[in-house]
Amino acid sequence: MPAVKVSSTQIPVEHVRITCRRAFAEVRATIEADLPKLDEHIKVLLSNGDQERIKEIEEHGPRLFMFLSRDHGELLEIAGRKRNAVQYEIGNPITASKMTRHNLGAALYAPLRVALLETEAGDVVFEYDRPSSLFGQFENETISEVARYLDRELEAALVKVAG
């Protein structure tokens with residue numbers, strides 16, 4: 001048997017695009033204000049197995065957190081024109097743990113990536129791949145159920161910001 005084996009699988013991915021009615025700067029400021037920064041203490045609670053405190057956060061805390069952001073638009077200065085384009089990592093480590101405990105490969109998509117960008121035509125849009133289509137490849141109903149929950153929560157958060 002060879003020391004390394006490479007395999008691949010094609011999966012269908014549903015891409016979502018939400019067009020905003022507001023200016024890019026306003027949408028950016030709103031999403032960054034609406035989604036709380038990741039509370040690093042949650043990771044400690046998870047790693048310590050503090051089920052009581054995790055349940056409390058899950059029931060009364062934010063559904064989604066902002067893990068980080070990357071300004072892709074400023075990277076285009078090298079091409080002579082900065083653009084409005086930001087990539088966000090959005091999710092919840094508690095939710096992620098509910099999937100990765102069933103298949104560690106789910107870590108590839110947790111947290112989720114969302115792009116906020118302004119098109120050449122001036123449209124401001126959010127783009128992301130629907131969580132249930134990404135996580136569906138693991139063929140695990142528990143993971144799929146959590147992914148459908150993420151479908152609803154992410155779309156609701158972005159539609160609220162876009163409106």
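The coordinates are above.
Residues numbered from 1 in each chain as written. Predicted model: local features only at pLDDT ≥ 70, side-chain atom pairs only at ≥ 80, totals over all residues. Heavy atoms only, no water.

Visitor: Explain the packing of helix 1 (residues 24–34) against helix 6 (residues 141–162) to me, please; I cannot follow it from the model alone.
Guide: When two helices pack together, their arrangement is given by the angle between the helix axes and by the axis-to-axis distance. Where helix 1 meets helix 6, the closest approach of the two axes is 9 Å, and the angle between their N-to-C directions is 135°. Taken as axis vectors, helix 1 and helix 6 run oblique relative to one another. Handedness of the crossing formed by helix 1 with helix 6: right-handed. Each of Val27, Thr30, Ile31 and Asp34 in helix 1 lies in contact with helix 6, whose residues at this interface are Leu158, Lys160 and Val161. Classifying every residue of the contact of helix 1 with helix 6 gives four nonpolar, one polar and two charged. (Axes fitted to C-alpha atoms, helices over the stretch in contact; angles between N-to-C directions. Helix = DSSP H or I, 4+ residues; strand = E, 2+ residues; numbered from the N terminus. Parallel < 35°, antiparallel > 145°, perpendicular 65-115°, else oblique. Left-handed = near helix turned anticlockwise from the far one by under 90°. Contact = heavy atoms within 4.5 Å. Nonpolar A, V, L, I, M, F, W, Y, C, P; charged D, E, K, R; others polar.)

Visitor: Would you explain the packing of helix 4 (residues 93–100) against helix 6 in this entry?
Guide: The N-to-C vectors of helix 4 and helix 6 enclose an angle of 155°; their axes lie 8 Å apart at closest approach. The pairing of helix 4 with helix 6 is recorded here as roughly antiparallel in orientation. On the side of helix 4, the interface is formed by Thr95, Lys98 and Met99, while helix 6 contributes Thr142, Ile143, Val146, Ala147, Tyr149 and Leu150. Here the contact of helix 4 with helix 6 is composed, by residue class, of six nonpolar, two polar and one charged.

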